[in-house]
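Analysis of the macromolecular model
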Amino acid sequence: RPAEPVYVPKGENKVAFDVPANYLPESRQQMAPAIVSRFADDTSSKVPVKQISLPDLSIPLQLGRREPFSLFIPKHRKLAARLIDIFLGMRTYDDFLSVSVYCRDRVNPQMFIYALSVAILNRPDTKNLPIPPLSEIFPDKYIDSGIFARAREEANVVPAGSRVPIEIPRDYTASDLDEEHRVAYWREDIGINLHHWHWHLVYPFETDIRIVNKDRRGELFYYMHHQIQARYNAERLSNRLGRVKRFHNWREPIPEGYFPKLDSLVASRTWPARSAGAILKDINRPVDQLNFDLQDLERWRDRIYEAIHTGAYINPRGERVPLTEFGGVDVLGNIMEASILSPNQNVYGDLHNLGHVAISYCHDPDHRYLETFSIMGEPATAMRDPIFYRFHAFTDDVFLEHKNTLPEYSLQQLDFPGVVITDIAVQTSNQPANQISTFWTKSDVDLSRGLDFTPRGAVLARFTHLNHADFTYRIIANNRNNEPRRGTVRIFIAPKQDERGLPFVFRDQKELMIEMDKFTVLLRPGSNTIERKSTESSVTIPFERTFRNLDENRPIGGDNLEQFNFCGCGWPQHMLVPKGKEEGFPMDLFIMISDYTGDAVEQDEPTGCKDAASFCGLRDRKYPDARPMGFPFDRRARAGVETLAQFLTGNMAVAQITIRHTDTVLPRMRSGSMGNTLTFA
Ligand code: CUO
């Protein structure tokens, strides 16, 4: 179709869409030939885009191109939900492609990427298509704004291929005058923030009910965020900070300030900062159709506590419905978040989402300064801010309140008859047993997709992140039964001592239990030795999956396709282990083998990725563990148990391990040896 322009999506430098002329935004239709010639050299193949009669896009178009987009703002979510519905409703792949291409330069770009990603994840004909990592599409959400001017200069002056990575400084958001800055490397880790964005992408709280209604999604909202809190607390203790204090009195000033130093390239604005001592206010911003009071949040909070303490919530007909032992936490998760699965938003409101909103607008609650939300207003960036953890310590505590009303696990529920663990250890090569080392590593991200430079090609930013040496768990388990038994190995670690150096009692330590891995084993009669690598963890995804560092010189397919699949949800492998201390940070390694008959979920084998099932579940399947999430630490202990040692049954064991940190940047190793395989070095 020679008369039609070729239009290249920004950042794709190999493939161009061959689009109908009227698909370009009106303002650009005249310029089509210039656009074609600008991109012609880069283009190796063209994807034809079919002309279709387009659906009504007036609702998603209500949000301007340059406005910031936040999932936590109900108006924005509704517009995005409509766009997702349009994408999902397209009958064929070609129609879907056509409408996506049409929307790309008209709809708000952040909403577009969000809706397109949800649609790709959920359409049967696109499930296996890759979604590029958000750090490449919107690098401005992850990277210090000063880097971009340098990147532009680098791209203009230095030809692709000769460019050197631009180093992101390590302490750019604050100095050590701010105590909280000691854990900034963790909060601002690009991989952690990508995981959080991906999790909320896989588990949206509003859009088509068939997409929202994933197995135990409310419970997983609780559990995944609970695990973030546990991990953050271990990180704090590693850095001589106390555990996070709950932010539950919303009238009190917030002592933690945060100055993100991120600029939005899309919305041409700087993300607002929050000074120390900021105070939340009632929110009334007609521009966002937002109008709620702190009292609303307090009322919802009190009603949720009331439901927990009476053991029942109120449904829309005014009836009381029990919060059951196993299903209650799932309902509560949906009430708290709140997702559209909340059984009664009139009574229980939208506490977590609007809590994010209230915090993210505390600098301009009535829009008098025409400012937009701060980084707490968006899942892609929220984890950078210390207040995220204080607010989520509050939500986590609400779930704990519910868990504390449930019957404790009996010895019979915990034990695995005939199965005894006789020894456990972790081993790192060239290290004494039960020691894990952490250090720093530098890695590169490609910014070029998200930056529209005329001289194209990769522009790399180099950042420093925590890392650890790979290790192996070794478990000796004796099966005294006469036949093989299947079991689930559950591995946790937790700090041994509190901020004052006193040993934790069980009640507090169980809240700090970090899930490291979970997998099934078949135990032969007699003694069994189980070995498991840290890189196989059921909570993490490999480094190259987090950042999707594709080897672009190789054709996509085979093992390269493996890296290029959609599964970006999962804790980054490089953040599996807390930093620890230079003199060594003592932690308890806890391993349990539970009886598989109580764990099994009968279902077909999952297709696609399953590496991070503990945090992300399985696509199109039930959550693959029938026990309550967090088992066996999600309940109060039985009477008389004060310490972890007293909690143990024969199928459990504890060993003390030490996390030793070396404050140097060690060179990156290739393939496997440190869990990081990078395609460029
Ligand atoms: Cu993930 Cu508050 O839920 O951010």
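Criteria and thresholds
Starting afresh in each chain, residues are numbered from 1 along the sequence in its written order. Local features are withheld for residues below a pLDDT of 70 in this predicted model, meaning they are given only at 70 or higher, and side-chain atom pairs are given and counted only at 80 or more; totals for whole chains, interfaces and linings count all residues. Side-chain figures throughout are based on the complete set of non-hydrogen atoms in the structure, without hydrogens or water. Secondary structure elements follow DSSP: runs of H or I no shorter than four residues count as helices, runs of E no shorter than two count as strands, and numbering proceeds from the N terminus. For each residue, the accessible area found with a 1.4 Å probe, counting protein chains only, is set against the maximum for its type, and the residue is called buried under 20%, exposed over 50%, and partly exposed in between. Whether two residues are in contact is decided by their heavy atoms, any of which lying within 4.5 Å being enough. To measure how exposed things are, a 1.4 Å probe is used in the Shrake-Rupley method; for residues, cover is taken only from the protein chains shown. When the sulfur atoms of two cysteines come within 2.5 Å, that pair is taken as a disulfide. We define a salt bridge as a side-chain nitrogen of Lys or Arg found within 4 Å of a carboxyl oxygen belonging to Asp or Glu. Confidence scores here are pLDDT values: one per residue, from the predictor, ranging 0 to 100. Angles shown run from 0 to 180 degrees and are taken between the N-to-C directions of axes, each axis being a line fitted to C-alpha atoms and, for helices, limited to the stretch in contact. We call two directions roughly parallel when the angle between them is under 35 degrees, roughly antiparallel when it is over 145, roughly perpendicular when it lies between 65 and 115, and oblique otherwise. Two strands qualify as a pair provided that DSSP identifies no fewer than 2 bridges between them. The span you would expect from a helix comes to 1.5 Å times its residue count less one. We call two N or O atoms a polar contact when they sit within 3.5 Å, provided that within protein one can donate a hydrogen and the other can accept it, with sequence-adjacent residues counted only if both atoms are side-chain atoms. Ring pairs shown here join Phe, Tyr and Trp side chains whose ring centres sit within 6.5 Å, with only the six-membered ring taken for Trp; geometry is labelled stacked below 30 degrees between planes, edge-to-face above 60, and tilted in between. To sit over a ring, a charge needs its Lys NZ or Arg CZ within 6 Å of the ring centre and within 35 degrees of the ring normal.

**Quick word on the overall build of the protein**
- Counting secondary structure elements, the protein contains 22 helices and 21 strands.
- Expressed as a percentage of its 681 residues, the buried residues of the protein come to 60%.
- Here the contacts in the protein between residues at least 6 apart in sequence split such that 76% fall between residues at least 24 apart.
- By element, 50% of the accessible surface of the protein is carried by carbon and sulfur atoms, the whole surface being about 27000 Å².

**Remarks on the state of the cysteines**
- Within the structure shown, the criterion is met by 1 disulfide.
- Cys569 shares a disulfide with Cys616; S-S distance 2.1 Å. With the S-S dihedral at roughly -80 degrees, the linkage between Cys569 and Cys616 falls on the left-handed side. Here Cys569 is found in the loop between α20 (558–563) and β19 (571–572), whereas its partner Cys616 is found in helix α21 (residues 613–616), with 47 residues between them in sequence. Each member of the pair, Cys569 as well as Cys616, carries the same accessibility label: buried.

**A few points about the pattern of salt bridges**
- Going through the model one piece at a time under the given rule, you end up with 42 salt bridges.
- Glu298 is paired through a salt bridge with Arg251; the nearest N and O atoms lie 2.8 Å apart. In this pair, Glu298 is assigned in helix α12 (residues 294–310) and Arg251 in the loop between α11 (217–238) and β5 (263–264), connecting sequence segments 47 residues apart.
- Residues joined in a network through salt bridges with shared partners are Arg490, Lys518, Asp599, Asp625 and Arg627.

**Focus on the confidence of the model for the protein**
- When the pLDDT values of the protein are averaged, the result is 88; 89% of them are 70 or greater.
- Segment residues 549–566 is flagged for pLDDT under 50; beyond a separation of four residues in sequence, or across chains, it makes 36 contacts in the model.
- Residue range residues 670–681 is modelled with pLDDT below 50. Its contacts to residues more than four positions away, or to other chains, number 39 contacts.

**Description of the packing of α11 against helix α13 (residues 328–337)**
- One way to put it is that α11 packs onto α13 with a least axis distance of 6 Å and a crossing angle of 75 degrees. In terms of orientation, α11 and α13 fall into the roughly perpendicular class. Residue-level contacts link Arg217, Gly218, Glu219, Phe221 and Tyr222 of α11 to Val329, Asp330, Gly333, Asn334, Met336 and Glu337 of α13.

**A word on the sheet that holds strand β4 (residues 166–167)**
- Taken together, 7 strands build an open sheet; the order of strands is β4-β13-β12-β21-β20-β15-β16 and the sheet is mixed. Here the strands that pair on one side only, and so sit at the sheet edges, are β4 and β16 (514–523).
- Here α11 sits on the sheet in contact with β13 (460–468), β15 (485–495), β16 and β20 (585–595), set at roughly 115 degrees to β16.

**Points about helix α15 (residues 351–360)**
- Of all the 10 residues making up α15, 10 are buried; the element is thus mostly covered by neighbouring parts of the structure.
- Of the positions making up α15, those classed as buried are Leu351, His352, Asn353, Leu354, Gly355, His356, Val357, Ala358, Ile359 and Ser360.

**Let's talk about the pairing of strand β14 (residues 472–479)**
- Pairing between strand β11 (residues 419–427) and β14: 8 bridges, direction antiparallel. Directly across from Asp423, in β14, lies its bridge partner Ile476.
- Of the pairings in the sheet, the one linking β14 to strand β17 (residues 526–533) comprises 8 bridges and is antiparallel in character. Paired with Tyr473 across the bridge in β17 is Arg532.

**What about helix α9 (residues 190–202)?**
- Here α9 spans 18 Å end to end across 13 residues, near enough to the 18 Å set by a 1.5 Å rise per residue.
- Burial runs high along α9: 13 of the 13 residues are buried.
- At the N-terminal end of α9, a side-chain oxygen is found 2.9 Å from the backbone nitrogen of Gly191, two or three residues along, and the residue is Asp189.

**Digging into the environment of Ala639**
- Residue position: Ala639 is located in the loop between α21 and α22 (644–647).
- What makes Ala639 exposed here is its relative accessible area of 74%.
- Here the alpha-carbon distance between Ala639 and Ser410, two residues 229 residues apart in the chain, equals 9.8 Å.

**A few points about the pairing of β16**
- Counting buried residues in β16 gives 8 out of 10 residues, a clear majority hidden from the surface.
- Where β15 lies against β16, 9 bridges are found, and the strand directions are antiparallel. The partner of Arg486 across the bridge, within β16, is Leu522.

**A short note on the packing of aromatic side chains**
- Across all of its chains, the model carries 29 aromatic pairs by this definition.
- Taking 5.3 Å as the distance between ring centres and 80 degrees as the angle between the ring planes, the aromatic pair formed by Phe471 and Tyr473 counts as edge-to-face.
- Plain terms: the ring middles of Phe506 and Phe633 are 6.1 Å apart, the flat faces sit at 45 degrees to each other, and that makes the pair tilted. Of this pair, Phe506 sits in helix α18 (residues 506–509) while Phe633 sits in the loop between α21 and α22, and the two are 127 residues apart along the sequence.
- Residue Phe506 is classed as buried on the basis of its relative accessible area of 2%.
- The side chain of Arg106 reaches across the aromatic face of Tyr102, ending 3.8 Å from its centre.
- Over the face of the ring belonging to Phe138 we find Lys141, whose NZ or CZ atom lies 5.3 Å from the ring centre.

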